[in-house]
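# Structural overview for review
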Amino acid sequence: MIKWADVIHFTNKGNPTPDKRVEKTEEEWKQILTPEEFQVTRLKGTERSFSSEMCSLFEPGIYECKCCGTLLFDASEKFESGTGWPSFTQPVKENAVGYHADRSHGMIRVEVTCNVCDSHLGHIFPDGPPPSGLRYCINAVSLSKIKE
């Protein structure tokens, strides 16, 4: 189980090695993503809070990266955070997600990305429920859900 100390370690010392890498040019990403998906995933944008019905869906399944199809989060780790974005307590594997210091907008946060294709997913905070205490606050547009 990943804890906040692990997140800080990865952010400062480097992320776990992904199982594979997917790299495309900006033009290649634009061909497979909608303008909103491109803005959020490739340009580190943020969708409007409460703009996706994904926040209130809790059926079993797996969430994958919209860009490369990497499995990222299991619905069993999803919870209602009240923030307006889907929230999870753990990724499916330690090396599925990358962690990066984000000093934009006058704040210090930890950005989470797909560790395979570097797609911007959202941010992680140490205010989630036990036992991990983590809240992966993820843009719904960054994810696709695979029904179980």
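Keep in mind that what you see is a predicted model, and the values were worked out from it rather than measured.

### With respect to the sheet that holds strand β5 (residues 97-102)
Judged by pairing direction, the sheet is antiparallel, and its six strands sit side by side in the order β3-β4-β8-β7-β6-β5 without closing on themselves. Unpaired on one side and paired on the other, β3 (78-79) and β5 mark the two borders of the sheet. Pairing geometry for strand β4 (residues 87-88) and strand β8 (residues 135-138), over two bridges, is antiparallel. Across the sheet, residue S87 finds its bridge partner in β8, namely C137.

### Re the environment of C68
Locating C68 in the fold gives a position in the loop between β1 (61-65) and β2 (71-74). Under the relative-accessibility criterion, C68 is labelled buried at 18%. Taking the C-alpha atoms as reference points, C68 and E23, 45 residues apart in sequence, are found 9.2 Å from one another.

### Notes on helix α1 (residues 4-13)
Of the residues making up α1, those classed as buried are V7, F10 and T11. Looking down the long axis of α1, one finds its buried residues gathered within 100° of arc, a one-sided arrangement. Of the exposed residues in α1, those oriented more than 90 degrees away from the buried face are A5, N12 and K13. Where α1 is buried, its residues touch β5, β6 (109-114) and β7 (120-125). Where α1 terminates, the next one or two residues include G14, which has phi positive at roughly 115°.

### Details of the side chain of E64
Tracing the chain through its elements places E64 in strand β1. No salt bridge is formed by the buried E64; the nearest opposite charge belongs to K66, separated by 7.6 Å. Among all residues touching E64, those that are not within four sequence positions of it are G69, T70, L71, L72, S142, L143, S144 and I146.

### Remarks on the nonpolar core
Residues L72, F73, Y99 and Y136 are the most contacted members of the largest nonpolar core, which totals 31 residues. Looking at this core, the elements that each hand over two or more residues are α1, β1, β2, β5, β6, β7 and β8. In contact with F73, other than residues within four places in its own chain, are G61, I62, Y63, F88, Q90, P91, V92, V97, Y136, I138 and L143.

### Looking at the sheet that holds strand β9 (residues 143-147)
Note on sheets: strands pair through backbone hydrogen bonds, and any given pair is parallel or antiparallel. Pairing is antiparallel across the open sheet formed by three strands, whose spatial order is β2-β1-β9. Edge positions in the open sheet fall to β2 and β9, since each of these has one partner strand only. Across the sheet, the mean angle from the axis of one strand to that of its neighbour is 35°, orientation sign disregarded. When β1 meets β9, the two strands line up antiparallel, connected through five bridges. Its bridge partner lying in β9, G61 is registered against K147.

Rules of the game
- Residues numbered from 1 in each chain as written.
- Predicted model: local features only at pLDDT ≥ 70, side-chain atom pairs only at ≥ 80, totals over all residues.
- Heavy atoms only, no water.
- Pairing = 2+ DSSP bridges.
- Helix = DSSP H or I, 4+ residues; strand = E, 2+ residues; numbered from the N terminus.
- Buried < 20%, exposed > 50% of the residue type's maximum accessible area, 1.4 Å probe, protein only.
- Arc of directions from axis to C-beta.
- Contact = heavy atoms within 4.5 Å.
- Lys, Arg positive; Asp, Glu negative; His and termini not counted.
- Salt bridge = Lys/Arg side-chain N within 4 Å of Asp/Glu carboxyl O.
- Core = buried A, V, L, I, M, F, W, Y, C linked by side-chain atoms within 4.5 Å.
- Axes fitted to C-alpha atoms, helices over the stretch in contact; angles between N-to-C directions.

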